Amino acid sequence: MKKVLASMSGIIFAVFGVAVLGLLMTLTYSALQRLFPDSFSNQMWGLVMFDIAAMCWAIAFVFKSETVGQYAAAGIGFAAGFIGTLGMVAAEVILSSGTATNTLQIAQWMTYGFIIVTVIHAALIYYHHAAAPDIHEKINVGVARGEIVTEAIKQATSTLEIEKAELAQNIHNDIVSQVKRDLNLYPVAGTPFEKKESAVPFLSRLAEKVGLKKQDDGPQVNSQMVWTVDANGNRHRIICMICQVEGKAWMTPDVCDHIANAKGESGGIEAVSQILKQGLPENAEG
Ligand SMILES: [Zn+2]
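Residues numbered from 1 in each chain as written. Predicted model: local features only at pLDDT ≥ 70, side-chain atom pairs only at ≥ 80, totals over all residues.

1. Examining the overall build of the chain
Assigned secondary structure in the chain consists of nine helices and four strands. Reading the secondary structure of the chain in the N-to-C direction produces α-α-α-α-α-α-β-β-β-α-α-β-α. In the chain, 51% of the contacts between residues at least 6 apart in sequence involve partners at least 24 apart. (Helix = DSSP H or I, 4+ residues; strand = E, 2+ residues; numbered from the N terminus. Contact = placed C-beta atoms within 7 Å.)

As structure tokens, this is what we get:
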């Protein structure tokens, strides 16, 4: 007997539940017919937004939520659907009973309620998906990456702001020295061009031409000429100012008598470029 009662009560309770849901849906549907008298599809969508939404959010809360955000979204969605349904039912009951004093106002509130509930569900659907663990992680990592990039740009900007004057000075020097060089004027000390553009590459090319590598002993230098000595002890001219004054070839690797008999000191490319910087333009013009 107990068993019979237990299963009976189960059936009765289920039937009762279906009846209550049916009542809610019927009354909501009647209310929706007042809202959309000419549109069957809108009446159906209305049911989705109220009765069915409440059921779906309840299912989402139990089975489809993994993060706190998802539980919150499902809970709010259920509340919106359920309260909206009760509101529609209440409006329908009041309107159909004829006890309402201001039917226009109730109709207005039904319209507002429909819009508000629709907006809430739409927003929550997106939020519920965004709060899913993997998507939540992607969004957070993406935001963090964005913040890092923003911070990097900010730091770079402030660094450039600080070094602006110095960097501008470099460019200014480059431009000025470029112009002076184009006009065959004396190079400006401390500017990038004279090292980059004149003596060092020039010497390197010459040294290469006569078979010397950069790591070999530096060129030999005295006040009038520069030459290199190869592995066999042979001298190669880089520059001879005496030949230059005499109007002979003075920058070819041939050895003139001056260099063949000269005494000099070993000087690196840097040292030679210092001599060239001071000596070459003046003598070259003369
Ligand atoms: Zn010479």
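2. Description of the packing of helix α3 (residues 68-97) against helix α4 (residues 103-130)
The interhelical angle for the contact between α3 and α4, taken along N-to-C directions, is 165°, at an axis separation of 10 Å. Classified by the angle their axes make, α3 and α4 are roughly antiparallel. With respect to the hand of their crossing, α3 and α4 are arranged in left-handed fashion. For the contact of α3 with α4, the per-class residue count stands at 14 nonpolar, nine polar and no charged. (Axes fitted to C-alpha atoms, helices over the stretch in contact; angles between N-to-C directions. Parallel < 35°, antiparallel > 145°, perpendicular 65-115°, else oblique. Left-handed = near helix turned anticlockwise from the far one by under 90°. Nonpolar A, V, L, I, M, F, W, Y, C, P; charged D, E, K, R; others polar.)

3. Brief notes about the pairing of strand β3 (residues 235-240)
With five of six residues buried, β3 is to be regarded as a mostly interior element. By the bridge criterion, five bridges tie strand β2 (residues 225-229) to β3 in an arrangement that is antiparallel. In the strand pairing of β3, M225 is matched with C240. In sequence, β2 turns back onto β3 through a hairpin of five residues, with G233 there showing a positive phi of about 85°. (Buried ≥ 20, exposed ≤ 12 C-beta atoms within 10 Å, placed from the backbone. Pairing = 2+ DSSP bridges.)

4. Some words on the sheet that holds strand β1 (residues 220-221)
As summarised here, the arrangement of the four strands in space is β3-β2-β1-β4, forming an open sheet in which the pairing is antiparallel. The strands lining the two open edges of the sheet, one partner per strand, are β3 and β4 (265-266). Pairing of β1 with β2 involves two bridges; the strand directions are antiparallel. What sits directly across from Q220, in β2, is W227.

5. Here's the deal with the nonpolar core
Ranked by size, the top nonpolar core spans 21 residues in total, and within it A31, F50, W57 and M88 carry the most contacts. Among the secondary structure elements, those contributing two or more residues to this core are α1 (2-35), α2 (40-63), α3 and α4. Of all the elements, α3 adds the most residues to this core, at seven residues. When near neighbours in sequence (up to four residues on either side) are disregarded, M88 contacts T28, A31, F50, M110 and G113. Counting residues in hydrophobic clusters, the runner-up holds eleven residues, among them V221, V226, C240 and W250. (Core = buried A, V, L, I, M, F, W, Y, C linked by C-beta atoms within 7 Å.)

6. Things to note about the confidence of the model for the chain
Per-residue pLDDT for the chain averages 82, and the proportion of residues at 70 or more is 81%. Note that residues 194-198 has pLDDT below 50 and, in this model, five contacts with residues that lie over four places away or in other chains. Scored below 50 in pLDDT, residues 280-286 shows three contacts in the model against residues more than four places distant or in partner chains. (pLDDT = per-residue confidence, 0-100.)

7. Here we look at α3
For α3, which comprises 30 residues, the first-to-last C-alpha distance of 43 Å matches the rise-based estimate of 44 Å (1.5 Å per residue) to within 8%. Immediately beyond the C-terminal end of α3, within one or two residues, lies G98, with a positive phi of roughly 75°. (Expected span 1.5 Å × (residues − 1).)

8. A word on helix α5 (residues 133-182)
The largest bend along α5 reaches roughly 60° and is located at E163. Burial runs low along α5: only one of the 50 residues are buried. (Bend = angle between axes of the 7 residues up to and from the residue.)

9. What to know about the environment of S266
Note that S266 resides in strand β4. The spacing of S266 and V221 is 45 residues in sequence and 6.2 Å in space, taken between C-alpha atoms.

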